[in-house]
Amino acid sequence: MALSYSRFRNTPLIKTKNGAETYGLMDGFSALKNMTGDQYEEWIVTNEYEGRPDLIALKFYSLSFYEFIITMSNRPKNTLNWPKTGDTIKIPNMDFVRKLT
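About the thresholds
- Residues numbered from 1 in each chain as written.
- Predicted model: local features only at pLDDT ≥ 70, side-chain atom pairs only at ≥ 80, totals over all residues.
- Heavy atoms only, no water.
- pLDDT = per-residue confidence, 0-100.
- Contact = heavy atoms within 4.5 Å.
- Phe/Tyr/Trp six-rings, centres within 6.5 Å; stacked < 30°, edge-to-face > 60°.
- Buried < 20%, exposed > 50% of the residue type's maximum accessible area, 1.4 Å probe, protein only.
- Lys NZ or Arg CZ within 6 Å of the ring centre and 35° of its normal.
- Helix = DSSP H or I, 4+ residues; strand = E, 2+ residues; numbered from the N terminus.
- Polar contact = N/O pair within 3.5 Å; in protein donor to acceptor, adjacent residues only side chain to side chain.
- Arc of directions from axis to C-beta.

J.: Can you tell me about the confidence of the model for the protein chain, naming the residues and giving the values?
T.: Mean pLDDT over the protein chain stands at 82; residues scoring 70 or higher make up 75%. Contacts of residues 1-6 to residues separated by more than four positions or lying in other chains number eight contacts, the stretch itself having pLDDT below 50.

Right under this line is the structure:
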């Protein structure tokens, strides 16, 4: 059964080797690599948000679902227990996020 919806407008539909249809790499996130200062704010992680990008997304976007945007915007080398208390992370503004999704 073919998928009828992609979360990302720039995500191509591809066929796997076994013939299944799926969505490929999320091209929309290439924009996250080149964010300018007016597209995000820097935020210092407090103790209550350590290791919880979902709670950070809930705080800034009212949706924990957007935790992947927080994570991909910062590209941590290790996502286990990320971010740490005291880390300064990028929080893309909501207008920028709407363009990605």
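Let's pick the thread back up.
J.: How would you explain the packing of aromatic side chains if you had to name every residue and give the values?
T.: Inspection of the entire model under this criterion finds six aromatic pairs. Where tryptophan 43 meets tyrosine 49, the ring centres are 5.3 Å apart and the plane angle is 75°; that geometry is what we call edge-to-face. By relative accessible area, which is 13% here, tryptophan 43 ends up buried. Residue classification places tyrosine 49 among the buried positions, given a relative accessible area of 13%. With 5.8 Å between their ring centres and 55° between their planes, phenylalanine 65 and tyrosine 66 make a pair best called tilted. Feature note: the residues Tyr61, Phe65, Tyr66 and Phe68 constitute an aromatic cluster, connected by ring pairs. A cation sits over an aromatic face here: lysine 59 above phenylalanine 60, 5.6 Å from the ring centre. A cation over a ring is seen here: lysine 90 above tyrosine 40, with NZ or CZ 5.1 Å from the ring centre.

J.: Quick rundown of the side chain of serine 73? Include the residues and the values.
T.: In this fold, serine 73 is placed in helix α3 (residues 67-74). Overall, the relative accessible area of 5% leaves serine 73 in the buried class. For serine 73, the side chain forms a polar contact with the main-chain oxygen of isoleucine 69, separated by 2.6 Å. Ignoring sequence-local partners within four residues, the contact set of serine 73 consists of Leu32, Met35, Lys90 and Pro92.

J.: A description of helix α2 (residues 53-61) should follow, citing residues and the corresponding values.
T.: For α2, the set of buried residues is Pro53, Ile56, Ala57 and Tyr61. Mapping the buried residues of α2 onto a view down its axis gives an arc of 100°, with all of them on the same face. Contact partners of the buried residues in α2: β3 (40-44), α3, β4 (88-92) and α4 (94-100). Of the residues one or two after α2, serine 62 is the one with positive phi, at around 65°.

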